[in-house]
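# Summary of structural features
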Amino acid sequence: MSNRNFLLKGTLLLTLSGFLTKIIGFIYRIFLSQKIGAQGMGIYQLIFPVYTLCYALAAGGIQTAISRLVAAKAALKDEHGAHDVFLLSTSLAAVISILTEFFLYRHANWFAVHFLLEEQCTPLLKILAFSLPFGVFHACVNGYYLARKKLSVPASAQLIEQCFRVAASFLLFLVWSEKEVPITPKLAVFGLLAGELAAWLFTGFMILWDFCKGHYRLASMTAPFKELKAITALSLPLTCNRLLVNILHSIEAVLIPGHLQLFGLDNASALSIYGVLTGMALPLILFPSAITNALSTVLLPSVAEKQALGDRASIRKNILLSIKYCFLLGFGAFLFFYAGGDLLGLLLFKNEFAGTFIKTLSFICPCLYLSGTLSGILNGLGAANQTFWLNTLGLGIRLLFVFFIIPHYGIVGYLWGLIISELIVTLLSLYCLREFLFIHSL
């Protein structure tokens, strides 16, 4: 498959899968918002900073390393080496994820009370801990198949995970309702666990079939320590970078409800507003990003492959096309959400605040969709340090608004911070790619 056809077909496939997943997920969020309420959504959203930290530790850098190294070996026709990289990387990620799962389960109460500042998160974190090894394995398999340009597997896994998540939550809701068990955010976390388990089973079957079909033999692995050294050298900086970024993101998420209380809200109201923003408005704004996320995912191994072959002209062409279409999508989304934000908030969520947030957040669409794709390109080029500093800068700006603006202007101050940070990060991402944007640089 030519690079152009791979980018086109891969993006279309992942976009279709992403849209279906987001549609299902969006309906699911409406269901959750009605069953557990805005405060319940806020508590549910609070656990994700901890989950993303654990995920970044176990798989954040390793998944990207798999995509880059497998794509490079596939470009050089080293099939056995590609299998070696996957097996070694996934084994490393599995060990880390199991240790992290055990630690999170044992110390869930500490994280809830001292980190999230919300004791009600304790049982949710304990349930969430069990999903970590399944999610990490699923991510590693996705990284492998993206590098091999077999995008039907990650696309199918994405849909399977979402369908099982929704189905499990709905069935559990029916059972709890019949037995008069209180409907709490546990409903959503059990659904998340079921979705990760289903994706683990599917991706496990697919990778096992792939290895058997290729007649791979573990005994024929050549230079495992050399490969492991290369994997560690690439994944360790990525993991450290993502951990630091996720720590900052987690601090941001935890501080927002507390600083809303400094603005004058009580705990329940602060959690409700946080739930409306992160559980209702932001997911809707991110809905069109199914396209740009797909493009970013496809670009990472594609750019890595072209870099391994020294084809800078193709890299430049991909970057320019990505910028053009991401900006057009972002501008169209801005017009749609700004014009219809109030109506969408009332129609979908029956919440006036959601409409206000959607309308304000519409301004970040052009930069939000473009920055994600540019980040994928930079990672594909091996510029992990640049993406780290850009993400850190963006989060730093938002944290300043959380600390100094929210106590005086409320959640609107945080929305201003989002807009400014996305604009700055996008402009600096373009600056980092300047050598590929001009013909005389090639």
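In what follows, the accompanying structure is described. (Residues numbered from 1 in each chain as written. Predicted model: local features only at pLDDT ≥ 70, side-chain atom pairs only at ≥ 80, totals over all residues. Heavy atoms only, no water.)

### Thoughts on the nonpolar core
Formed by 97 residues in total, the largest nonpolar core has its most connected members in Leu 32, Ile 47, Leu 125, Phe 337 and Leu 361. Broken down by element, the residue count for this core peaks at 13 residues, all from helix H6 (residues 122-147). Sequence-distant contacts of Phe 337, defined by excluding residues within four places in its chain, comprise Leu 284, Ile 285, Pro 288, Leu 344, Ile 358, Lys 359, Ser 362, Cys 365 and Tyr 369. With 17 residues, the next largest nonpolar core counts Ile 323, Leu 374, Leu 381 and Val 425 among its residues. (Core = buried A, V, L, I, M, F, W, Y, C linked by side-chain atoms within 4.5 Å. Buried < 20%, exposed > 50% of the residue type's maximum accessible area, 1.4 Å probe, protein only. Helix = DSSP H or I, 4+ residues; strand = E, 2+ residues; numbered from the N terminus. Contact = heavy atoms within 4.5 Å.)

### A look at helix H7 (residues 152-178)
Note that an α-helix has 3.6 residues per turn; residues three or four places apart therefore point the same way. Look at H7: 39 Å from first C-alpha to last across 27 residues, which is about the 39 Å you get at 1.5 Å a residue. Within the sequence span of H7, burial applies to Val 153, Pro 154, Ala 155, Ala 157, Glu 161, Gln 162, Arg 165, Ser 169, Phe 173 and Trp 176. (Expected span 1.5 Å × (residues − 1).)

### A look at the packing of aromatic side chains
As enumerated under the stated definition, the model contains 25 aromatic pairs in all. Aromatic pair Phe 403 and Phe 404: ring centres 6.3 Å apart, planes at 45°, arrangement tilted. Members of the aromatic cluster, each reached through a chain of ring pairs, are Phe 327, Phe 331, Phe 334, Tyr 338 and Phe 363. One residue, Lys 126, lies across the ring of Tyr 105, its end atom 5.5 Å from the ring centre. Its end group placed over the ring of Trp 209, Lys 213 keeps NZ or CZ at 4.8 Å from the ring centre. (Phe/Tyr/Trp six-rings, centres within 6.5 Å; stacked < 30°, edge-to-face > 60°. Lys NZ or Arg CZ within 6 Å of the ring centre and 35° of its normal.)

### Description of the side chain of Asn 351
With respect to the element layout, Asn 351 can be found in the loop between helix H12 (312-349) and helix H13 (352-361). Setting aside chain neighbours within four positions, we find Asn 351 in contact with Val 276, Gly 345 and Leu 346.

### A closer look at the environment of Asn 246
Positionally, Asn 246 belongs in helix H9 (residues 224-262). A C-alpha to C-alpha distance of 9.7 Å links Asn 246 and Tyr 51, two positions 195 residues apart in sequence. If we skip the residues at most four places from it in the chain, Asn 246 touches Thr 52, Leu 53 and Ala 56.

### Overview of the packing of H6 against helix H8 (residues 186-213)
To characterise two packed helices, one gives the angle between the axes of the helices and the distance between these axes. Between H6 and H8, whose axes approach to 8 Å, the crossing angle comes to 30°. The angle between H6 and H8 places the two elements in the roughly parallel class. You can see that H6 and H8 cross each other, and the crossing is left-handed. For the contact of H6 with H8, the class distribution of residues is 19 nonpolar, six polar and three charged. (Axes fitted to C-alpha atoms, helices over the stretch in contact; angles between N-to-C directions. Parallel < 35°, antiparallel > 145°, perpendicular 65-115°, else oblique. Left-handed = near helix turned anticlockwise from the far one by under 90°. Nonpolar A, V, L, I, M, F, W, Y, C, P; charged D, E, K, R; others polar.)

### Topic: helix H3 (residues 48-75)
At Ala 56, H3 is bent by approximately 55°, the largest bend along its length. For H3, the buried fraction is high: 24 of the 28 residues fall into the buried class. Residue Lys 77 follows H3 closely and has a positive phi angle near 65°. (Bend = angle between axes of the 7 residues up to and from the residue.)

### Side note on the packing of H9 against helix H10 (residues 267-285)
Contact geometry for H9 and H10: axes closest at 8 Å, N-to-C directions at 135°. The orientation of H9 relative to H10 falls into the category oblique. Along this stretch, H9 crosses H10, giving a crossing that reads as right-handed. Residues Ala 253, Ile 256, Pro 257, Leu 260 and Gln 261 of H9 form the contact with H10, whose participating residues are Asn 267, Ala 270, Leu 271, Ile 273 and Tyr 274. Partitioned by chemical class, the residues of the contact of H9 with H10 number eight nonpolar, two polar and no charged.

### Topic: a nonpolar patch on the surface
Together, Leu 393, Ile 420, Ile 424, Leu 428 and Tyr 431 line one region of the surface with nonpolar side chains, adding up to about 400 Å² of accessible area. Looking at the nonpolar patch element by element, the count peaks at four residues for helix H17 (residues 411-432). Tracing the backbone through its elements, the reader meets Ile 424 in helix H17. Judged by its relative accessible area of 31%, Ile 424 falls in the partly exposed class. (Patch = residues over 30% accessible without salt bridge, like charges linked within 9 Å, V, L, I, M, F, W, Y side chains within 5 Å. Areas by Shrake-Rupley, 256 points an atom, 1.4 Å probe, with all protein chains shown as cover. Salt bridge = Lys/Arg side-chain N within 4 Å of Asp/Glu carboxyl O.)

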